[in-house]
Amino acid sequence: MSTASPSIDQGLPRPNITIQQAQEYLTRFFGLEATLKELGSQQDRNFLATASTTGIAHPTRNTRYLLKVSNSAFPLAEVESQNAIMQHLTAAGLTTPTPIASLAGEIITTVQIDGAAHSLRLLSFVEGEPLIDHSYLAPDVIGQLGTLAGSVSAHLAKFTHEGLDRTMQWDLRQGEHVVASLLGYVTDPAVRAQLTDALGRATSAIAPLVPHLPVQAIHGDLTDDNVVCSVGASGQPVVTGIIDFGDTMYSWRVAELAVACTAILHHEPRNPLAVLPLIRAFAERVSAEDSSPLTDAEISALWPLIVLRGAVLVVSGQQQVTIDPENDYASEALERERTIFETAARFEWGVAEASIRDALGRPNANLDPENPSFHPIMPTLTETPVAIVDYSYDGGAHSSGSWLKPGDEDRILASYRSLAPTVITRYGEARLTRTEIHSRDKPTNVSVSLAVHVAQPTPVEAPFAGTITYADATTVSISGDDHTAVFAGLSLLRGTALGNPVEAGMPLGVVGNVLTVWLLARDSDAQTDADSHTGAGTNPAALRRFVRASEFAGWASIYRDPAELLGEEVFPSAQKAQLVDPARELSLRSDSYATLQSHYYAAPPQIERGWKEHLIDTNGRHYLDMVNNVSMLGHGHPAIATAAADQWRRLNTNSRFHYGVVAELSQKLLAKLPDSFDAVLLVNSGSEAVDLALRLSKAFSRRQDVMCVRESYHGWSLASDAVSTSTSDNPQAENTRPSWVHVVDAPNRYRGIYRGDGAGARYAADALAELERLAADGTPIGTYIAEPRNGNAGGILQAPGYLSPVYDAVRAGGGVVISDEVQVGYGRLGEHFWGFEEHGVVPDIVTVAKAMGNGHPLGAVITRREIADALSTEGTFFSSSGGSTLSSRIGVTVLDVLEREDLQGNSREVGSYLLSELELLAERQPMIGTVHGRGLYLGVELVRDRSTLEPASEETPLICNRMRELGVIVQPTGDRQNVLKVKPPMCFTRESARFFVEALDEVLTTGW
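Draft legend 1. Structural detail: the packing of helix α17 (residues 660–671) against helix α24 (residues 885–900). Contact pair α17 / α24: the axes reach a minimum separation of 8 Å and the direction vectors enclose 40°. The two elements α17 and α24 meet at a crossing, and its hand is left-handed. When α17 is examined against α24, the residues Val661, Val662, Glu664, Leu665, Lys668 and Leu669 are found in contact with a partner set consisting of Thr885, Ser888, Arg889, Gly891, Val892, Leu895 and Asp896. Taken together, the residues of the contact of α17 with α24 break down into six nonpolar, three polar and four charged.

Draft legend 2. Highlighting helix α10 (residues 349–360). For α10, built from twelve residues, the straight-helix expectation of 16 Å at 1.5 Å per residue is met to within 8% by its first-to-last C-alpha distance of 17 Å. Buried residues of α10: Trp349, Gly350, Val351, Ala352, Glu353, Ala354, Ser355, Ile356, Arg357 and Leu360, and no others. In the segment just after α10, Gly361 is the residue with positive phi, at about 65°.

Draft legend 3. Expanded view of the state of the cysteines. For the structure on display, the rule yields zero disulfides. In this structure Cys261 is a free cysteine whose sulfur lies 18 Å from that of Cys229, the closest cysteine sulfur available.

Draft legend 4. Quick look at the sheet that holds strand β36 (residues 928–934). A sheet is described by the order of its strands in space; here four strands give the open sequence β36-β37-β40-β39, paired in antiparallel fashion. Edge positions in the sheet fall to β36 and β39 (971–973), since each has one partner strand and no second. If you compare each strand with its neighbour and ignore which way they point, the axes differ by 30° on average. In terms of strand pairing, β39 meets strand β40 (residues 979–982) through three bridges, oriented antiparallel. Bridge pairing in β40 links Gln971 to Lys981.

Draft legend 5. Representation of the environment of His637 within the structure. Structurally, His637 can be placed in the loop between β26 (622–625) and α16 (638–650). Separated by 350 residues in the primary sequence, His637 and Ser287 have C-alpha atoms spaced 53 Å apart. Here the side chain of His637 touches Glu901 through a polar contact of 2.8 Å, side chain to side chain.

Draft legend 6. Looking closely at helix α9 (residues 328–346). End to end, α9 covers 28 Å across 19 residues, agreeing with the expected 27 Å (1.5 Å per residue, within 8%). In α9, a bend of some 40° at Leu334 exceeds every other bend along the element. Looking at the buried residues of α9, the elements they touch are α5 (189–206), α6 (253–265), α8 (296–323) and α10. The opening residue of α9, the one whose side-chain oxygen lies 3.2 Å from the backbone nitrogen of Tyr329, is Asn327.

Rules of the game
- Residue positions within a chain follow its written sequence, with the count starting from 1.
- Per-residue local features are limited, in this predicted model, to residues with pLDDT of at least 70; the limit for side-chain atom pairs, both in listing and counting, is 80 or more; totals at the level of whole chains, interfaces and linings are taken over all residues.
- Think of the side-chain values as coming from all heavy atoms in the structure, minus any hydrogens and water.
- Convention adopted: a line fitted to C-alpha atoms gives each axis, helices being fitted over their contacting stretch, and angles between N-to-C directions are expressed from 0 to 180 degrees.
- Here a helix means four or more residues in a row that DSSP labels H or I, a strand means two or more in a row labelled E, and each is numbered from the N terminus.
- Each crossing is labelled by how the near helix is turned from the far one, with a counterclockwise turn of less than a right angle marking it left-handed and a clockwise turn marking it right-handed.
- Whether two residues are in contact is decided by their heavy atoms: any pair within 4.5 Å suffices.
- For this classification, Asp, Glu, Lys and Arg are treated as charged, while Ala, Val, Leu, Ile, Met, Phe, Trp, Tyr, Cys and Pro are nonpolar and the rest, including Gly, are polar.
- One less than the number of residues in a helix, times 1.5 Å, gives the span that helix is expected to have.
- Three labels apply to residues, based on accessible area from a 1.4 Å probe with only protein chains included: buried if under 20% of the type maximum, exposed if over 50%, partly exposed otherwise in between.
- When two cysteine sulfur atoms lie within 2.5 Å, the pair is treated as a disulfide.
- Being paired, for any two strands, means DSSP has found at least two bridges between them.
- Polar contacts, as used here, are pairs of N or O atoms within 3.5 Å; protein pairs need one atom able to donate a hydrogen and one able to accept it. Residues neighboring in sequence count only if both atoms are side-chain atoms.
- The term bend refers to the angle at a residue between two fitted axes, each drawn through seven residues, those ending there and those starting there.

Shown next, in the form of structure tokens:
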């Protein structure tokens, strides 16, 4: 056997062994008969052995093992060290393979293959799926990988073994030599140039840090290839164990972290900072378990080492397929390895480090001098009024989706220029004007410069002493000891030339229209990035203008706020832009707003604006709103805003005063209903409407007992909650239900006790039998209440053939029937204005709210006058806001817009398209059990098995989280929480429908 490690640039073809030979070794040395399957490896040979006979290795049948044949190039001591580390980590509570002794009692057996000695081992098999099999890794899963890597690092901090003192390709201490030596295997000139450039930068960045990087034993390959997970009921992977210890060695501790980070980059090539949860978790674990926090040197070295690891993967992979062309494992990894390298290398390294420091709460204290002082670059601006433009989500100049139109920034700028001769844009502002709808990516809209718009020629002076590092006809760059300032849009004065020294206050030129200003930090790392990759000192035209809000903390380490160059008098600190921290605002909410009033998502975006079927957060990102049936017309509808503002200016008072609009609204409502309805009572919510309807029906029927159906929701008031049976809305519904409420099965023909065609009649027969039983027991039903479609259950239709006989039987017994249309009514079904019309029935009382006010608190109870008058013996009815001048005006306007814009027709047409697309999606996504609903009132029911209909209750919330990441707000509903509620504003478009379906398809395909 070899006595020394191979050269780090030596190619290592895998051992030349067949499955038949491996089976023979397994029988001869371990007494096992097994079915073998080869597993991937770059330089060794690994076989999964499923034992079919009892052998001395293990007393049970059908046990799985890993038969490992190590490359002959690796000395025995190195193989022994791998066994020792596995045993050490297993003893510490981690799940790893463990060596199993042979018939001869050896845990390492030497075999001869092609005249060379190889180490043969049988290891216990760590069950689980390789993490790499999951296309999408949620932030929590990424964090789990970091926790595992941190635990391994902490447990190996003091571990020693002679076999770990290795010289190998995968030791990042040798990375520079490996890449340089193997670069010739890369045939693509562009890739080779990228590697050469990255290698030079990485070497320069790491070299001064080497003396300060702790060295210890490391696993060396804690990647998604070598970490396994279990997949629980939720469908989300849970990291459980480690496999393949072939790269254990002494190396830099931070190399363990760098290697783990590279495993994430091919999953998220468009979001390199997806590694931050991993880094944060690693740092927390090593600090907690080893009491040894990451050092500043390790943090500074981390991103260059990630790039270096990616480069090593590329060159080593190219070498391996050259010398071992039949190695499918290596061949299939080439594209993935190149993605890892390019994702890390192309991202700004200084930004990455600053982002990591921000995530760890470890800012670079040497980034800037304390309290930098600058000479004002435009001192004459103090003599004229200045206006600061607000392009943010909160900007008052935005209206009616104007920000989505080309040229809207110019329109807003013009409005500000009418206020002051000088207008300045803001650094660090997330501009709403630079966002778009239907985007799965976060917008690149946070400004890292500012612009000064002047009405007349204005002189510009140098902010500090330095040297001119760039100059052309309109642009100049000045570099000082601590900063670089860049000015574009100048008419330069003579003498303002490349290489010339400048003093603070020295005239540079004159701006006649717009001056764009950047201020860059001059610390060593940031300046390397700025000089070489963002353009400072070479071509300032290459400087960035905008970045993502999620990356701004990192970019701010390079791009500083140029407002400092204007001075407090021109640009007051109070007017600077501040990105909103949703977590901080959520904490404030929790401190004062009762948590009983829950919120969507554990870490929700902060939604502060809306337009049509889109919700907009404080960073300007647009989310497709699939749940807001309250805003029926769409968010921010100008007609509602105008009507509300006009009525507020005129009058807002209660309905005991006499005014015309309350009658106008009542008449419009009655016109939408059959002639039997002739009385309207206005309230301010659906709960109040149902509560009042129950009072009316009880007064009219003179009976207290009410019948309702399971899985329904009618409100939160005492009475409406009593008849709400949905356990997802009230988990205690079964235990707290009063004796006067009687529940019958929901006529659900998909998963109820009766299914398919004819189910409605069978459910009706059961309900009629219950009505007869209750009457015989002396508790006849006075009220029957149901939604025509169970809204919170997922828009599930009361099975055809059910409502009509139930209505008839209730009335024949002297009772009253209520159709709760709070969610389903007002044209949302498309084909019908009211849900009861879908069943060919006419109720006695209709309750409505939500859509009626387009978000304004407004509801109604509509009935016959005889039923309304029945309550008169208990006094008059009054609702402070119900029927007020404002509520009535909004109610009339909603109905007018509904008709004018034909939103019911839109619900019919777009809803039909959406339903058909979802049904087509269900043909290739077996998790979609069925799609309920009609128009824009749908429910996508998710199941684990279409035969058993086992609900995907744990998966559905995670799917909703993933949909939010892709720009869609959708929520689970139903007692099993396995139905996606699909009831967007009725202005919903085909484009939005397509975006929703494509996002859902991606999530169901790639995971959550």
